[in-house]
Structures are given as structure tokens and as C-alpha cells.
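Summary of the model geometry
Residues per chain, in single letters:
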Amino acid sequence: MSRIFSGVQPTGNLHLGNYLGAIRNWVRLQNEYECIFCVVDMHAITVWQDPAALTQATREVTASFIAAGIDPEKQVLFNQSAVAGHAQLAWVFNCVARIGWLNRMTQFKEKAGKNRENASVGLYAYPNLMAADILLYKATHVPVGEDQKQHLELARDIAQKFNTDFGREVFPQPEPLIFGAGTRVMSLRDGTAKMSKSAESDYSRINMTDDADTIAQKIRKAKTDPEPLPTDADGFEGRAEARNLVNIYAALRDVSFSEAVAEVGGKPFSEFKGILTDVAVDVLGPINAEMKRLLAAPAEIDAILARGAERARAIAQPVIDEVYDTVGFLRP
Ligand code: TYM
């Protein structure tokens with residue numbers, strides 16, 4: 001049986017990378033797979049979150065999933081902290097994963113920065129919780145952006161070590177699903193840095209909540225170089241910003257990079273930026289409007305999450321029981 005699990009952190013500033021790298025692919029996959037989509041609020045608190053802002057961001061991310069086209073009636077949509085099994089399994093995995101494995105995680109190094117001693121223990125153990133998210137549902141496929149690849153590999157290692165340690169095939173090996181032109185959307189200010197929620201400058205990203213004027217302004221100010229766009233796909237060497245903008249165009253238009261180059265190659269940035277703005281507004285405008293509509297009725301969003309959590313618990317509990325029995329925890 002195939003089952004999908006994926007999640008997004010409610011840390012504010014949901015951006016085009018989250019949409020093109022993950023959420024849009026989920027919408028497509030929901031017709032082929034049984035899907036579980038999660039707002040991973042427990043991951044969010046690995047770095048400080050203002051409590052009221054966390055609550056609001058949880059509703060916002062939920063609204064973005066639905067506005068993008070996830071059907072909450074068909075798929076399971078919930079927030080992580082509402083299902084205790086995530087924390088329960090994460091603890092078991094804390095005892096399965098090795099410190100050496102976590103020491104290799106590049107995202108921890110990036111997020112903790114220079115002052116590593118001061119990072120939260122949660123930030124360090126984050127990949128174990130992520131493995132628990134996936135394996136709590138015995139998910140077989142995990143659609144994510146490129147940046148989550150290493151965490152997925154760790155989840156596979158944890159699954160394998162658990163099975164080997166206890167001599168039972170409890171967990172499947174989850175496969176990453178990383179596809180499309182949007183798997184690595186870069187910053188609008190620096191074509192070599194990932195577009196991220198936490199980057200200081202709001203001009204580095206297009207947020208899913210940005211209106212048409214803001215999108216136009218951000219694209220107008222996006223870093224470029226003086227030359228027109230190359231006319232073939234091999235001509236982007238050393239032109240990271242040009243590559244990124246054409247890649248974003250390709251992802252938004254849902255064509256390959258080469259097809260995008262065939263469409264816009266040779267154009268000066270002034271003209272291309274206008275075209276890119278129109279495409280971005282076309283794609284994000286309706287999502288943005290639907291998000292606003294949904295967020296006007298927070299009680300309905302909460303009700304959707306409550307129903308989703310109930311369904312998630314029903315899938316997770318037998319897995320927790322199986323894990324506890326396997327480990328030897330007495331369940332009186
Ligand atoms: P998060 O919240 O940082 O990002 C959510 C999704 O968006 C993708 N993404 C990008 N894709 C392309 N270009 C970008 N610039 C970009 N930035 C982000 C991410 O790859 C991700 O798919 N650890 C995860 C959340 C998580 C999770 C899980 C995912 C927790 N448990 C279990 C899958 C399965 C994270 O921080 O994603």
C-alpha cells in the first residue's frame with residue numbers, strides 16, 4: 001500500500017518555494033495516493049515562536065493547503081501537536097538514531113549558526129521528530145523540496161535500524177518524491193541562497209499572502225545582471241539570479257527549464273520581469289484570495305483540523321501500540 005505524508009512548518013511567511021517545491025505537488029498527488037498533510041507546529045518551536053503568532057500561522061498554513069487545492073474531506077489534514085503519537089514515536093527514535101547521524105545534518109548547522117551551544121535540543125533532534133511524523137503512519141512516499149533530502153535519508157536509516165535492532169519489519173523505507181522545476185527555489189536577492197521563511201529581507205521571497213502590487217515590486221527589485229537572458233539552457237553558467245528567475249517562471253508555467261528558455265530566452269530583464277510578474281500573479285492571486293476567505297472563518301479551519309486529527313489518531317494509534325509492544329513497553 002502507498003501512503004503519502006508531508007508537512008510544512010507554521011513559522012510565518014509561507015513562500016513561493018513552499019508552494020512550488022511542495023504544496024503544489026501534493027495537490028497533484030492527492031488523486032493517486034492516500035495522503036496525510038500536516039502543519040508541523042512541534043517542529044516550529046525548535047526555534048522561538050511567539051505563541052499567538054504560532055496559532056495564527058497554524059491556521060494560515062492550513063488555509064494555504066486548502067486554498068491551493070487540497071481536499072480536507074478526502075485527505076487527512078491536521079496539526080502535529082494534536083496527535084500525541086508524534087512525540088511518543090520521536091522519543092523512541094531519539095533512542096534509535098545515533099548522535100553521529102545528527103551531527104551530519106547540514107540544516108542543523110545552518111540554523112544553529114555559529115553559537116551552536118545555544119541552539120535548543122529540539123533543533124538538534126528535529127530530524128528524529130520528522131522521521132516519527134512519517135513513520136507514525138508508515139508512509140511510503142514523502143513529497144518535499146530538495147532541501148529535505150538529507151532528513152529523508154535519516155528517516156530511512158532510522159526505519160532500518162529500528163527494524164534490525166528489534167528483528168521485525170515494523171517500518172517501510174519511505175521514498176522522497178522530489179520533482180518538477182520548483183524543487184529548489186532560490187532567493188530573489190541572491191541566486192545562490194535558498195528562498196526561506198526566515199531570511200531577514202522580505203524582498204528575498206514572494207509570500208503566498210503577497211498581493212499583486214507587492215509581487216510586482218519584489219520581482220522588479222529582484223537581483224539580476226546587465227545582460228539579456230541567454231537563448232539556450234547551457235548559457236546560465238555563472239548567472240545564478242537569471243537561472244533562478246527563469247526556473248521560477250518554468251515552475252509557475254509548469255514547463256521544463258528548456259521550454260521556459262525557448263519562450264523567454266534573449267529578452268532583456270525589464271521585459272522578462274513583467275512577464276514573470278503576470279504569471280506569478282495569475283498563479284498566486286486566486287490562492288491568495290481563497291486563503292483570505294478561509295481565514296475570515298477561523299472556527300471552520302479549527303473544525304477541519306479537529307476532524308483531521310481524529311482521523312490521524314485512528315491511523316497512528318495501532319502503530320504506536322505495535323512499536324510499544326516491539327520495544328517491550330508494558331501497556332497495562
Ligand atoms: P519547511 O516548512 O521548511 O518547508 C515546507 C516544504 O517546502 C519546501 N521548501 C522549498 N522547496 C523549494 N524551494 C525552496 N526554497 C523551499 N523552501 C522550502 C520544503 O522542502 C518542504 O517540502 N522539515 C520540514 C517539515 C516537515 C516534514 C515532515 C516534511 C516536518 N516533518 C515530514 C515532510 C515529512 C520543513 O522544515 O519544511
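Just so it is clear, the model here is predicted, and its values are computed rather than measured. Counting of residues starts from 1 at the beginning of each chain's written sequence and follows it residue by residue. The predicted origin of the model limits local features to residues at a pLDDT of at least 70 and limits the giving and counting of side-chain atom pairs to 80 or more, whereas totals for whole chains, interfaces and linings rest on all residues. Water and hydrogen atoms were dropped before computing side-chain values, which therefore reflect all heavy atoms in the structure.

1. Remarks on the layout of surface pockets
- Taken as a whole, the largest pocket spans an internal volume of roughly 960 Å³.
- Each cavity reported here is a set of points on a 1 Å grid over the protein atoms alone in which a 1.4 Å probe fits but cannot get out, each pocket an open set with protein on both sides within 12 Å along at least five of seven lines, and each lining residue one with an atom within 4 Å of a point. Along the wall of the largest pocket there are 40 residues; nearest its centre are Gln9, Asp147, Gln148, Lys194 and Lys197.
- Each helix is a run of H or I in the DSSP string that is no shorter than four residues. Each strand is a run of E no shorter than two, and both are numbered from the N terminus. Within the residue set of the lining of the largest pocket, elements represented by two or more residues are strand 1 (3-8), helix 1 (16-29), helix 6 (106-112) and helix 7 (121-135).
- Per-class residue counts for the lining of the largest pocket are 14 nonpolar, 18 polar and eight charged. Grid points are joined across faces, edges and corners, and a volume is the space filled by probe spheres set on the points. All residues other than Ala, Val, Leu, Ile, Met, Phe, Trp, Tyr, Cys, Pro, Asp, Glu, Lys and Arg, Gly among them, are scored as polar; the first ten of these are nonpolar and the last four charged.

2. Considering the environment of Lys197
- Along the chain, the position of Lys197 falls in the loop between strand 5 (175-177) and helix 9 (212-221).
- Taking the C-alpha atoms as reference points, Lys197 and Lys114, separated by 83 residues in sequence, lie 20 Å from one another.
- Setting aside anything within four residues of it in sequence, one finds Lys197 in contact with Val8, Gln9, Thr11, Gly12, Asn13, Leu14, His15, Asn18 and Arg205.
- Within polar-contact distance, the side chain of Lys197 engages the backbone oxygen of Gln9 at 3.2 Å. Residue contacts are counted whenever heavy atoms from the two residues lie within 4.5 Å of one another. Between N or O atoms, a polar contact is any pair within 3.5 Å; within protein, one atom must be a potential hydrogen donor and the other a potential acceptor, and residues adjacent in sequence are included only when both atoms are from side chains.

3. Section: the pairing of strand 1
- The buried label applies to any residue whose accessible area, calculated with a 1.4 Å probe on protein chains only, is under 20% of its type's maximum; exposed applies above 50%, and partly exposed to all values in between. Within strand 1, five of the six residues are buried, which leaves the element mostly enclosed by the surrounding structure.
- When the strands point away from the viewer and the path from the first strand over the helix to the second turns clockwise, the crossover is right-handed. Taking the sense of rotation as the criterion, the β-α-β connection linking strand 1, helix 1 and strand 2 (residues 34-39) turns out right-handed.

4. Description of the domain arrangement of the protein
- Considered domain by domain, the protein is made up of domain 1 (3-183 + 298-327) and domain 2 (202-293).
- Each of domain 1 and domain 2 has a C-alpha centre, and the two are 29 Å apart.
- Across the contact, 16 residues belong to domain 1 and 18 residues belong to domain 2.
- Take the accessible area each of two parts loses on contact, using a 1.4 Å probe, and add the two losses: that sum is the buried area. Summing the contributions of domain 1 and of domain 2, the shared interface buries around 1400 Å²; its carbon and sulfur component is 69%.
- Whenever Lys or Arg places a side-chain nitrogen within 4 Å of a carboxyl oxygen from Asp or Glu, that contact is recorded as a salt bridge. The interface formed by domain 1 and domain 2 includes one salt bridge.
- The partner of Asp254 in a salt bridge is Arg28, and the shortest N-O contact between them spans 2.8 Å.
- The tally of links between domain 1 and domain 2 comes to five residue pairs in polar contact (both at pLDDT 80 or more).
- In terms of residue count, helix 1 provides more of the side of domain 1 that touches domain 2 than any other element does, six residues in total.
- Class assignment of the residues belonging to the side of domain 1 that touches domain 2 gives a composition of nine nonpolar, four polar and three charged. Throughout the structure description, domain borders are defined by an automatic or database domain assignment.

5. Examining the site of the ligand
- One heavy atom suffices: a residue is near a molecule or strand as soon as one of its heavy atoms comes within 4 Å of it. Close to the ligand lie 28 residues, the nearest being Tyr126, Asp133, Asp147, Val185 and Lys197.
- Contacts to the ligand include Gly145, whose backbone N or O atom sits 2.8 Å from an oxygen atom.
- Every accessible area reported is derived by Shrake-Rupley at a probe size of 1.4 Å, with residue values counting cover from the shown protein chains alone. Here the ligand loses 97% of its free accessible area of 710 Å² to cover by the protein chains.
- Pocket occupancy is defined atom-wise: a molecule lies in a cavity or pocket when more than half of its atoms are within 2 Å of its grid points. The cavity where the ligand resides is the largest pocket.
- Elements supplying a minimum of two residues to the shell around the ligand: strand 1, helix 1 and helix 7.
- A per-class count over the shell around the ligand returns eleven nonpolar, twelve polar and five charged.

6. Examining the environment of Val96
- Following the sequence through the fold, Val96 ends up in the loop between helix 4 (85-94) and helix 5 (99-103).
- Val96 gets classed as buried once you look at its relative accessible area, which sits at 4%.
- When the C-alpha atoms of Val96 and Gly145 are compared, they prove to be 26 Å apart, with 49 residues separating the residues in sequence.
- Beyond its immediate stretch of four places on either side in the chain, Val96 contacts Ile158, Lys161 and Phe162.

7. Thoughts on empty space enclosed by the protein
- Evaluated as defined, the whole model comprises one cavity of 30 Å³ or more.
- Its volume calculated, the largest cavity comes out at about 60 Å³.
- Lining the largest cavity are Met105, Gln107, Phe108, Lys111, Leu123, Tyr126, Pro127 and His151.
- Split into classes, the residues belonging to the lining of the largest cavity amount to five nonpolar, two polar and one charged.

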